[in-house]
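Analysis of the macromolecular model
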Amino acid sequence: MKDFEMTIDEYLPLRDVVFNTLRRAILKGELEPGERLMEIALANKLGVSRTPIREAIRKLELEGLVIMIPRKGAEVARITEKDLRDVLEVRTSLEKLAIELACDRITDEEIADLKETCQAFSDSLGSDELTTMAEKDVAFHDVIFRATKNARLIQILNNLREQMYRYRLEYLKDIEARPRLVEEHNKILDAVIRRDKESAVQLIEEHIYIQEVTVIKKIQEQDA
């Protein structure tokens, strides 16, 4: 188990602080795929009781970041080709719907926000901080989701975003993918501004497909 620290937030219940700490450690690779999550060891490391650890592990299981193994307990879920394909299959269908609706319903203010998030992602590439890049990438897509004005669709996409986060980080580890992402975002932005639904749908589908191919290649190389 690599070193990681718990950041206390006085506005959050302890169980949420523990959950955020463990989640961040998994996403950053400080808790590695296949690593067992021992409640007592984690409680001692973070200076808390076993109860918030147990609650955090349950939430992480719901997000797909942790799996329960019979007679072994909890361990960090491995990044698998099957999981990636399942998640992206759903994401592709939902994002195609989202961008169609956004082309019809986006406001001038939201177009300005989309331009801003597009530029912010491009600027973040200079930081070489994976989590910062991932957050800026998420922010770009969030503007499109918000522009749909469909609360149910936004809710489902937000839930899916958590399951996508690890794969997004894996993709951003590929240095060659980063400028390509900027170019793809710019093309999507242009299509939305023109309210060209057909082009926007095609671009978002290609955007997700390229990510799928790249990450699957990495998974296959790691498993070889």
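Fair warning: this is a prediction, and the values are worked out from it, not measured in the lab. (Residues numbered from 1 in each chain as written. Predicted model: local features only at pLDDT ≥ 70, side-chain atom pairs only at ≥ 80, totals over all residues. Heavy atoms only, no water.)

Here we look at the overall build of the chain
Of the regular secondary structure elements, the chain holds 9 helices and 2 strands. Overall, the chain shows an N-to-C arrangement of helices and strands of α-α-α-β-β-α-α-α-α-α-α. Since a compact globule built from 224 residues should have a radius of gyration of about 17 Å, the 19 Å found for the chain is in line with a globular shape. In terms of overall dimensions, the chain has a C-alpha envelope of 55 × 45 × 35 Å along the principal axes. Residues classed as buried in the chain amount to 44% of the 224 residues present. Across the chain, the fraction of contacts at a sequence separation of at least 24, relative to all contacts at a separation of at least 6, is 74%. Surface exposure of the chain reaches about 12,100 Å², of which carbon and sulfur atoms provide 48%. (Helix = DSSP H or I, 4+ residues; strand = E, 2+ residues; numbered from the N terminus. Rg over C-alpha atoms; globule rule 2.2 N^0.38 Å. Buried < 20%, exposed > 50% of the residue type's maximum accessible area, 1.4 Å probe, protein only. Contact = heavy atoms within 4.5 Å. Areas by Shrake-Rupley, 256 points an atom, 1.4 Å probe, with all protein chains shown as cover.)

Considering unusual backbone geometry
In this model, R71 sits at a positive phi of 65 degrees, which is unusual for a non-glycine residue. Position of R71 among the secondary structure elements: in the loop between β1 (66-69) and β2 (73-76). Taking the relative accessible area as the measure of exposure, R71 reaches 85% and is therefore exposed. Phi at R195 is positive, roughly 55 degrees, even though this residue is not glycine.

Points about the pairing of β1
Sheet topology places β1 next to β2; 4 bridges connect them, and they run antiparallel. Its bridge partner being in β2, V66 is matched across the sheet by V76. Between β1 and β2, which pair antiparallel one after the other, the connecting turn spans 3 residues, and R71 there sits at a positive phi close to 65 degrees. (Pairing = 2+ DSSP bridges.)

By themselves, these observations are geometric and do not establish any function.
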